[in-house]
Every structure is written in C-alpha cells, then in structure tokens.
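One letter stands for each residue in the lines below.
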Amino acid sequence: MDIRDVSNRRFNHTMLWAVLLSSLVVAVAATLGRAMANVKAALTDKPDIAVYLLLKDEGITNSVLLRSHEDQRDYLVETEDGPKVVKLKMGESEWYVSSIDTMHE
C-alpha cells in the first residue's frame, strides 16, 4: 500500500492514535520510574521512612528517633505487639535493620 493511496482523514486518524498511545507509554514509564526512585530514596536517604518499609509486617503505628549517629540510628517504635527498639545501620548503599529488641510495658 502506498502512502498516496491513503486518504487525508485516515492518515490524520492514524497519527492521532500514534501520538496518544506514545504519550500514554511515556507517562506510564515516567510514573513507574518516579515511584521506584522514591522507594530507593526512602531506603537510602531517609531512614525514618525505611523503618516503616523494612518492618511492614510488624504493624508500626508510631516511631520516635532516640539516637542518631552517622552510620546508625535507634528508634522506639510502637507495634501491635508493644514497644520495640529498632536499630538501623547504614550498609554500603542502604539502611538495614541490625537488631529489634522487645520492651516491656
């Protein structure tokens, strides 16, 4: 099929759909990329949020920063099972949980 055989209306209709679908693909890719960047930043740059993400099975309702050093942070967190002390340490590129100590009420 030659391009000269396609009507002007049909060509414009095809181009409109191509632009709309291309825009949709770019928007979805940008949204997913931004979401993943936010999650990575939460684990590497903001250890306060990392407590909630790393211990999502604990059911944390509140966290208070107790002590902060360059490579370690201690938090008092309220969970479904009662208060706990969580120690986060900085690895090579991200924060990780080094210990969880259960406290008595």
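From a predicted model like this one, the values you see are computed outputs, not experimental measurements. Residue positions are given per chain, counting from 1 as you read along its sequence in written order. Owing to the predicted nature of the model, reporting of local features is limited to residues with pLDDT of at least 70; listing and counting of side-chain atom pairs is limited to 80 or more, with chain, interface and lining totals taken over all residues. Only hydrogens and water are removed before side-chain values are computed, so all heavy atoms of the structure are retained for them.

Colleague: With reference to specific residues and values, describe the environment of alanine 27.
Modeller: Positionally, alanine 27 belongs in helix α1 (residues 8-44). Taking relative accessible area as the criterion, alanine 27 reaches 39% and is therefore assigned partly exposed. Measuring from C-alpha to C-alpha, the distance between alanine 27 and tyrosine 52 comes to 28 Å, with 25 residues separating the pair along the chain. The way it works is that DSSP assigns letters per residue, a run of H or I at least four long becomes a helix, a run of E at least two long becomes a strand, and they are numbered from the N terminus. Exposure categories follow from relative accessible area, calculated using a 1.4 Å probe and restricted to protein chains: below 20% of the type maximum is buried, above 50% is exposed, and the middle band is partly exposed.

Colleague: Could you give me a rundown of the side chain of threonine 79, with the residues and numbers involved?
Modeller: Relative to the assigned elements, threonine 79 resides in strand β2 (residues 72-79). Looking at threonine 79, its side chain comes within polar contact range of the main-chain oxygen of glycine 82, at 2.6 Å. Residues count as neighbours in contact if any of their non-hydrogen atoms are within 4.5 Å of one another. Setting aside residues no more than four positions away along its own chain, threonine 79 makes contact with Glu58, Gly59, Ile60 and Lys84. Here a polar contact is taken to be a pair of N or O atoms separated by no more than 3.5 Å, where protein atoms must pair a possible hydrogen donor with a possible acceptor and residues adjacent in sequence count only if both atoms sit in side chains.

Colleague: Just give me the short version of the sheet that holds strand β4 (residues 95-102), but keep the residues and values in it.
Modeller: In this description, strands pair whenever DSSP reports at least two bridges between them. Read from one edge of the open sheet, 4 strands run β1-β2-β3-β4, paired in antiparallel fashion. On the outer flanks of this sheet lie β1 (62-68) and β4, each paired with one strand and no other. Going across the sheet, the axis of each strand differs from the next one's by a mean of 25°, ignoring polarity. As defined by bridge partners, β2 adjoins strand β3 (residues 82-90) across 8 bridges and the pair is classed as antiparallel. Across the sheet, the residue bridging to arginine 73 is leucine 88, located in β3. Only the contacting stretch of a helix is used when fitting its axis, a line to C-alpha atoms as for every element, and angles between N-to-C directions run 0 to 180 degrees.

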